[in-house]
Number of protein chains: 2
Amino acid sequence: MSLPHALLTALLERPCSGSELAGRFDRSIGFFWQATHQQIYRELKRLEEQGWIAALAPEAGRGRKRAYQVLPAGREELRRWTGEAREPKPLRDELMVRLRAEAVIGPTDLVRDIESRLAQHLEKLALYREIERRDFTGDTPSRQRELQHLVLQAGVMAETLWVDFCREAIAVLVADDPNKP
Amino acid sequence: MSLPHALLTALLERPCSGSELAGRFDRSIGFFWQATHQQIYRELKRLEEQGWIAALAPEAGRGRKRAYQVLPAGREELRRWTGEAREPKPLRDELMVRLRAEAVIGPTDLVRDIESRLAQHLEKLALYREIERRDFTGDTPSRQRELQHLVLQAGVMAETLWVDFCREAIAVLVADDPNKP
DNA sequence: CCCCATTATGCAACAAGTTGCATAATGAAA
DNA sequence: TTTCATTATGCAACTTGTTGCATAATGGGG
């Protein structure tokens with residue numbers, strides 16, 4: 001149950017409309033939490049019914065844009081949820097299943113996919129580093145900025161891990177495959 | 001759509017019953033892919049209907065234990081799926097949402113939860129290292145063993161990343177919190 | 001022998017994620 | 001002015017994950 005809380009967080013950072021939220025979940029928030037516009041609207045409706053958010057007056061422009069803001073009850077719920085004890089989510093990635101599958105089946109095209117993944121992770125790592133340079137350079141930041149930087153660093157660490165892992169995987173997959181040079 | 005393929009992989013590694021699969025998904029396979037027994041039975045039924053697996057004769061013992069094995073069509077499907085191009089799954093962890101939430105709300109009990117997580121990740125890292133020492137030490141292994149080792153290494157890398165990240169997070173959370181020493 | 005605990009299988013309800021499709025409102029181009 | 005493209009919102013169906021609960025079969029203990 002994290003989408004409602006991700007929405008509360010995003011709206012506390014900046015009140016905005018459903019479609020703007022969708023855009024933010026495709027980009028900045030989407031680096032660590034993803035959601036489709038269908039999900040977002042579904043959840044916004046629920047949050048409103050629960051009295052955690054309220055819609056503002058509709059805005060001018062194309063469509064029927066309507067912004068939302070967090071109410072005190074919503075803020076309190078987010079505080080409660082943030083501080084509660086929760087279990088870490090174990091690693092769960094289908095690439096691991098595929099590696100185990102190739103182990104038992106023999107050579108497949110998996111190594112090509114991993115090469116493609118390596119490129120994608122390198123690209124994303126470069127993007128994160130660029131964002132870091134652009135947004136988190138300079139003087140002593142506020143606590144808020146430090147925490148935001150921390151979340152970005154998690155992304156950097158994750159992409160770095162995947163880059164390293166892809167390289168190792170390629171080495172293993174190529175080493176014993178008679179069809180590869 | 002990975003549970004069916006995880007099941008095919010597990011059954012190719014070793015034919016066994018639904019409840020044994022449930023046990024393996026709680027332990028070894030569960031290090032990189034998790035599933036409840038309800039899911040497993042649901043999926044086994046589907047795999048059987050699709051002609052990818054077949055049930056063997058019931059075994060002696062408590063309950064109604066029935067083992068499954070993979071059929072040629074199932075093996076072929078697993079080969080196809082393993083080699084196909086697939087997108088990497090982006091980072092998605094509610095701890096990131098919570099850190100962003102604390103950034104906008106102010107101090108909560110999140111640091112206590114992260115301290116608890118640090119302990120859990122250290123413990124799991126030690127477990128993985130022990131498994132590595134026990135199962136993957138010695139001479140030149142087969143390709144299969146190398147790939148299995150690789151998947152375990154992914155677990156080691158992931159736990160190491162979480163250990164490092166928890167430490168950084170604790171440092172940031174504690175640094176500016178007037179309620180912490 | 002009977003009872004209880006354990007093992008094995010599986011139905012059901014609900015939540016959350018994914019994908020397809022739709023309507024309403026507006027702005028820009030012809 | 002009309003038409004088309006874009007923006008914004010949202011319903012619906014399905015899949016996958018989560019949790020509760022249930023029945024059948026067997027073994028062990030009293």
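Because the structure is predicted, anything quoted here is derived from the model rather than measured.

Turning our attention to the overall build of chain A. Of regular secondary structure, chain A possesses seven helices and three strands. Helices (α) and strands (β) of chain A occur, in sequence order from the N terminus, as α-β-α-α-β-β-α-α-α-α. The C-alpha radius of gyration computed for chain A amounts to 21 Å, which surpasses the reference 16 Å derived for 181 residues by more than 25%, pointing to a less compact arrangement than a globule. For chain A, the spread of C-alpha atoms along the three principal axes comes to 65 × 40 × 40 Å. With 181 residues in all, chain A has 34% of them scored as buried. Taking contacts inside chain A between residues at least 6 apart in sequence as the whole, the part at least 24 apart equals 58%.

What follows is about the sheet that holds strand S3 (residues 66-70) of chain A. For sheets, the rule is that strands pair by backbone hydrogen bonds, running either parallel or antiparallel. Residue and element names in this part refer to chain A. The sheet built from three strands is open, its strands ordered S1-S3-S2 with antiparallel pairing. The open sheet has two edge strands with one neighbour each: strand S1 (16-17) and strand S2 (53-58). As judged from the two bridges shared by S1 and S3, these two strands associate in the antiparallel manner. Residue pairing across strands places Cys-16 opposite Tyr-68, the latter belonging to S3. In the packing of helix H1 (residues 3-13) onto the sheet, the strands contacted are S2 and S3, and the crossing angle to S3 comes to about 100°.

So, on to the pairing of strand S3 (residues 67-70) of chain B. Residues and elements named next belong to chain B. Burial of the side chains of S3 is restricted to one face: Tyr-68 and Val-70 are buried, whereas none of Ala-67 and Gln-69 on the reverse face is. Across two bridges, the pairing between strand S1 (residues 16-17) and S3 is antiparallel. In the strand pairing of S3, Ser-17 is matched with Ala-67. As defined by bridge partners, strand S2 (residues 53-55) adjoins S3 across three bridges and the pair is classed as antiparallel.

The subject of this paragraph is the interface of chain B and chain A. Taken together, the contact between chain B and chain A spans 61 residues of the former and 60 residues of the latter. Along the lines of polarity and charge, the residues of the side of chain B that touches chain A split into 29 nonpolar, 14 polar and 18 charged.

A few words on the domain arrangement of chain A. Segmentation of chain A into domains returns domain 1 (3-83) and domain 2 (94-175). For domain 1 of chain A and domain 2 of chain A, the distance between their C-alpha centres works out to 29 Å.

A word on the relation of the copies chain B and chain A. When chain B is fitted to chain A, the residual RMSD is 0.1 Å, and the transformation amounts to a turn of 180° plus an axial shift of 0.0 Å. The two molecules are tied by a two-fold rotation axis, judged by turn and shift. A high fraction, 98%, of the interface residues of chain B reappear at the interface in chain A, so the copies pair face to face through one surface.

A separate point is the nonpolar core. Of all hydrophobic cores here, the largest spans 85 residues; its most connected members are Leu-7, Met-96 and Leu-99 of chain A together with Leu-7, Phe-32, Met-96 and Leu-99 of chain B. With sequence-adjacent residues up to four places away left out, Leu-99 of chain A is seen in contact with Ala-169 of chain A together with Leu-147, Leu-150 and Val-151 of chain B.

Below, the discussion takes up the UniProt feature "domain: Transcription regulator PadR N-terminal" (unreviewed entry) in chain A. As recorded in UniProt, the feature "domain: Transcription regulator PadR N-terminal" (unreviewed entry) lies at residues 7-79 of chain A. Taken end to end, residues 7-79 of chain A has its terminal C-alpha atoms 13 Å apart, with 51% of it in helix and 18% in strand.

Turning to helix H4 (residues 72-83) of chain A, a few remarks are in order. Compared with an ideal rise of 1.5 Å per residue, which puts 12 residues at 16 Å, H4 of chain A spans 17 Å between its outermost C-alpha atoms and is within 8% of the ideal. In this structure, the buried side of H4 of chain A is in contact with H1, helix H3 (37-49), S2 and S3 of chain A together with helix H5 (94-105) and helix H6 (110-135) of chain B.

Here the focus is the sheet that holds S2 of chain B. One open sheet holds the three strands; their spatial order is S1-S3-S2 (chain B), and the pairing between them is antiparallel. Of all strands in the sheet, those with a lone pairing partner are S1 and S2 of chain B, marking the two edges.

In this section: the environment of Arg-92 of chain A. In this fold, Arg-92 of chain A is placed in the loop between H4 and helix H5 (94-105). With near-sequence residues (within four places) excluded, Arg-92 of chain A lies in contact with Phe-32, Trp-33 and Gln-34 of chain B.

Two numbers describe how H5 of chain A lies on helix H4 (residues 72-83) of chain B: the axes approach to 10 Å, and their chain directions differ by 130°. Taken together, the axes of H5 of chain A and H4 of chain B are oblique relative to one another. For the pair H5 of chain A and H4 of chain B, the crossing hand works out as left-handed. Packed against H5 of chain A, whose contacting residues are Arg-98, Ala-101, Glu-102 and Ile-105 of chain A, the element H4 of chain B presents Arg-75, Leu-78, Arg-79 and Thr-82 of chain B at the interface. By residue class, the composition of the contact of H5 of chain A with H4 of chain B is three nonpolar, one polar and four charged.

Procedures and definitions
Residues numbered from 1 in each chain as written. Chains lettered and ligands numbered in written order. Predicted model: local features only at pLDDT ≥ 70, side-chain atom pairs only at ≥ 80, totals over all residues. Helix = DSSP H or I, 4+ residues; strand = E, 2+ residues; numbered from the N terminus. Rg over C-alpha atoms; globule rule 2.2 N^0.38 Å. Buried ≥ 20, exposed ≤ 12 C-beta atoms within 10 Å, placed from the backbone. Contact = placed C-beta atoms within 7 Å. Pairing = 2+ DSSP bridges. Axes fitted to C-alpha atoms, helices over the stretch in contact; angles between N-to-C directions. Nonpolar A, V, L, I, M, F, W, Y, C, P; charged D, E, K, R; others polar. Domains from an automatic or database assignment. Least-squares fit on C-alpha atoms with pLDDT ≥ 70 in both. Core = buried A, V, L, I, M, F, W, Y, C linked by C-beta atoms within 7 Å. UniProt positions renumbered as here; feature names shortened; annotations may be inferred. Expected span 1.5 Å × (residues − 1). Parallel < 35°, antiparallel > 145°, perpendicular 65-115°, else oblique. Left-handed = near helix turned anticlockwise from the far one by under 90°.

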